[in-house]
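What follows is the residue order along each chain.
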Amino acid sequence: MADLNALAEAIIKGDQNTAVSITTQALDEGTAPEDVLNNGLVAGMDVVGARFKKNEIYIPEVLIAARAMKSSMEILEPKLAEAGIEPKANVVIGTVQGDLHDIGKNLVAMMLKGSGYNVIDIGVDCTAEKFIQAAQEKNAKIVCMSALLTTTMPAMEKVIQAIKEAGLAVKTMIGGAPVTQGYADKIGADGYSSDAASAVDLANSLI
Ligand code: B1M
């Protein structure tokens, strides 16, 4: 019988082979894909997020865990689709116009995926139009923006303004090293988080 605690542990350790093998075994044995997701993969990523937040582990460990999660998800996703299991929500994420930094944005995207969101990553140097088009096309509940340069932070405000003008019913989240809660309040973002694990908590509170 596949051990979902061991699957969570494999994700925490970033042990890709074990994660894939337990995921495959669990599905072959008829374990519900939702159980594999929630009690194995997401349970593991929750621990990774909590440890990252407390500085008990660092970016490389998070990336390795995310890679293990991704491999298992590739096996699980078709089964989830067959079982009609919906993601928590669609989320659009991108780095704002003029900014090419994407390491933090990618981490946030991975943590959101790990927590059950369908993440549409529109990349770097994204204009307000690109955010809006993706949010409309994918019927997104949240638009996430990342900026690493003080000079590109104002592009976040432009996106928020454009979203308001377009009358889109989406929540906005911002983050990145120079960004603060005060700045989020100033430009009317719905939320700010300082790190990728807190971004998941914030998204959960916004949907
Ligand atoms: Co750039 N760069 N860079 N750079 N770079 C910084 C940001 C800088 C602080 C370095 C410095 O001078 N000390 C400085 C900015 C100064 C400022 O604006 N005040 C800077 C500069 C000036 C530049 C260039 C202008 C340099 C030049 O060409 N003269 C240039 C700009 C290019 C452009 O974007 N147009 C540039 C270029 C680059 C590289 C391409 C070489 C490379 C980027 C590679 C890549 O991303 N693929 C790069 C890098 C790597 C950095 C540093 C060294 C590291 C950034 C990083 O990835 N951090 C950085 C200095 C530093 O921070 N020590 C620097 C790790 C990452 C995990 O953290 O992105 O903060 P971070 O993400 C965190 C949180 O902020 C949060 O979660 C993440 C994980 O916990 N978070 C969110 C991020 N987005 C979020 C969104 C959310 C929620 C949370 O919700 C939506």
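Here the structure is a predicted model, which is why all the values come from computation and not from measurement.

Quick notes on the rules
- Residues numbered from 1 in each chain as written.
- Predicted model: local features only at pLDDT ≥ 70, side-chain atom pairs only at ≥ 80, totals over all residues.
- Heavy atoms only, no water.
- Donors = N, O, S within 2.8 Å, 3.2 Å for Na, K, Ca; no water.
- Helix = DSSP H or I, 4+ residues; strand = E, 2+ residues; numbered from the N terminus.
- Near = heavy atom within 4 Å.
- Polar contact = N/O pair within 3.5 Å; in protein donor to acceptor, adjacent residues only side chain to side chain.
- Nonpolar A, V, L, I, M, F, W, Y, C, P; charged D, E, K, R; others polar.
- Salt bridge = Lys/Arg side-chain N within 4 Å of Asp/Glu carboxyl O.
- Buried < 20%, exposed > 50% of the residue type's maximum accessible area, 1.4 Å probe, protein only.
- UniProt positions renumbered as here; feature names shortened; annotations may be inferred.
- Arc of directions from axis to C-beta.
- Contact = heavy atoms within 4.5 Å.
- Pairing = 2+ DSSP bridges.
- Right-handed = clockwise from strand over helix to strand, strands pointing away.

Draft legend 1. Structural detail: the coordination of the cobalt atom of the ligand. Exactly one donor from the protein chain reaches the cobalt atom of the ligand: His101 (NE2), at 2.2 Å. Structurally, His101 is set in the loop between β1 (90–95) and α5 (103–114).

Draft legend 2. Representation of the site of the ligand. Taken together, 26 residues sit near the ligand, with Leu100, His101, Asp102, Ser146 and Thr150 positioned nearest. Backbone polar atom of Gly98 to a nitrogen atom of the ligand: 2.9 Å apart, as the coordinates give it. Take Thr150: an N or O atom from its main chain is 2.9 Å from an oxygen atom of the ligand. For the shell around the ligand, the secondary-structure elements that each account for two or more residues are α5, β3 (142–146) and β4 (171–175). Counting residues per element, the shell around the ligand draws most heavily on α5, which supplies four residues. Of the residues that constitute the shell around the ligand, the class distribution is 14 nonpolar, nine polar and three charged.

Draft legend 3. Just the pattern of salt bridges, in detail. Using the criterion set out here, one finds three salt bridges in the structure. Its salt-bridge partner being Lys53, residue Asp201 comes within 2.5 Å of it at the nearest N-O pair. Placement of the pair is Asp201 in helix α9 (residues 196–206) and Lys53 in helix α3 (residues 33–53), with a sequence separation of 148 residues. Judged by relative accessible area, Asp201 falls into the partly exposed class, the value being 40%. Judged by relative accessible area, which is 40%, Lys53 ranks as partly exposed.

Draft legend 4. Structural detail: the UniProt feature "domain: B12-binding N-terminal" (unreviewed entry) in the protein chain. Those residues carrying the UniProt feature "domain: B12-binding N-terminal" (unreviewed entry) are residues 1–88 in this numbering. Across residues 1–88, helical content stands at 77% and strand content at 0%; the span's end C-alpha atoms are separated by 28 Å.

Draft legend 5. Expanded view of helix α6 (residues 128–137). Of the residues making up α6, those classed as buried are Ala128, Phe131, Ile132, Ala134 and Ala135. Taken down its axis, α6 places every buried residue within 165° of arc, on the same side. In α6, the exposed positions that point more than 90 degrees away from the buried face belong to Glu129 and Glu137. Where α6 is buried, its residues touch β1, β3 and α7 (154–166). Count one or two residues on from α6 and you reach Asn139, which has phi positive near 50°.

Draft legend 6. View of the pairing of β1. Among the six residues that make up β1, six are buried, leaving the element largely enclosed by the rest of the structure. Burial of the side chains of β1 extends over both faces: Asn90, Val92 and Gly94 are buried on one face and Val91, Ile93 and Thr95 on the other. Note that β1 and strand β2 (residues 118–121) share four bridges and pair parallel. Each bridged residue has a counterpart across the sheet, and for Val91 the counterpart in β2 is Val119. Where the polypeptide runs from β1 across α5 and back to β2, its parallel neighbour, the crossover connection is right-handed. Pairing of β1 with β3, which is carried by five bridges, proceeds in the parallel orientation.

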